[in-house]
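Single-letter residue listing:
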Amino acid sequence: MIEALKNRIVKLAAAIREAGASADAAAEKDLLEDLERHIEELEARGGKVPESALHLVRPDGDSEVEDQFDNMPI
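Summarised in this report is the structure supplied together with it. (Residues numbered from 1 in each chain as written. Predicted model: local features only at pLDDT ≥ 70, side-chain atom pairs only at ≥ 80, totals over all residues. Heavy atoms only, no water.)

Some remarks on the packing of helix α1 (residues 2-21) against helix α2 (residues 25-44)
Link 1 in the chain: Here α1 crosses α2 at 160°, and the two axes come no closer than 9 Å. Considered as vectors, α1 and α2 are oriented roughly antiparallel to each other. At the point where α1 passes α2, the crossing takes the left-handed sense. Side by side, α1 and α2 meet where Ile2, Leu5, Lys6, Arg8, Ile9, Leu12, Ala15, Ile16, Ala19 and Gly20 of the first sit next to Ala27, Glu28, Leu31, Leu32, Asp34, Leu35, His38, Ile39, Glu41 and Leu42 of the second.
Link 2 in the chain: Looking at side-chain class alone, the contact of α1 with α2 contains 13 nonpolar, 2 polar and 5 charged residues. (Axes fitted to C-alpha atoms, helices over the stretch in contact; angles between N-to-C directions. Helix = DSSP H or I, 4+ residues; strand = E, 2+ residues; numbered from the N terminus. Parallel < 35°, antiparallel > 145°, perpendicular 65-115°, else oblique. Left-handed = near helix turned anticlockwise from the far one by under 90°. Contact = heavy atoms within 4.5 Å. Nonpolar A, V, L, I, M, F, W, Y, C, P; charged D, E, K, R; others polar.)

Quick notes on the pattern of salt bridges
Link 1 in the chain: Under the criterion given, the structure shown has 7 salt bridges.
Link 2 in the chain: Its salt-bridge partner being Lys6, residue Glu3 comes within 3.9 Å of it at the nearest N-O pair. One end of the pair, Glu3, and the other, Lys6, are both in helix α1, 3 residues apart, so they sit about a helical turn from each other.
Link 3 in the chain: Residue classification places Lys6 among the partly exposed residues on the basis of a relative accessible area of 24%.
Link 4 in the chain: Of the charged contacts in the structure, one is a salt bridge between Arg58 and Glu43, with a shortest N-O distance of 2.8 Å. With Arg58 in the loop between α3 (51-57) and α4 (61-67) and Glu43 in helix α2, this pair connects stretches of sequence that are 15 residues apart.
Link 5 in the chain: Using a relative accessible area of 35% as the deciding quantity, one classes Glu43 as partly exposed.
Link 6 in the chain: Connected via shared salt-bridge partners are Arg8, Asp34 and Arg37. (Salt bridge = Lys/Arg side-chain N within 4 Å of Asp/Glu carboxyl O. Buried < 20%, exposed > 50% of the residue type's maximum accessible area, 1.4 Å probe, protein only.)

Structure below.
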């Protein structure tokens, strides 16, 4: 199941790039929502999400890590 999810994520990421290149904003939005659902399911099952796909839905992923340190005493 994890490999099937990874394969679907890779295919969705490619489709999103194609939709972005053709300037089809509606299709790109729908694909991004579908990709996010698949990524969340893969993460819930303990799978590793391909970075190229993760970057599409969470382009500022490093800020999540940095936010953990915002409230740390100096």
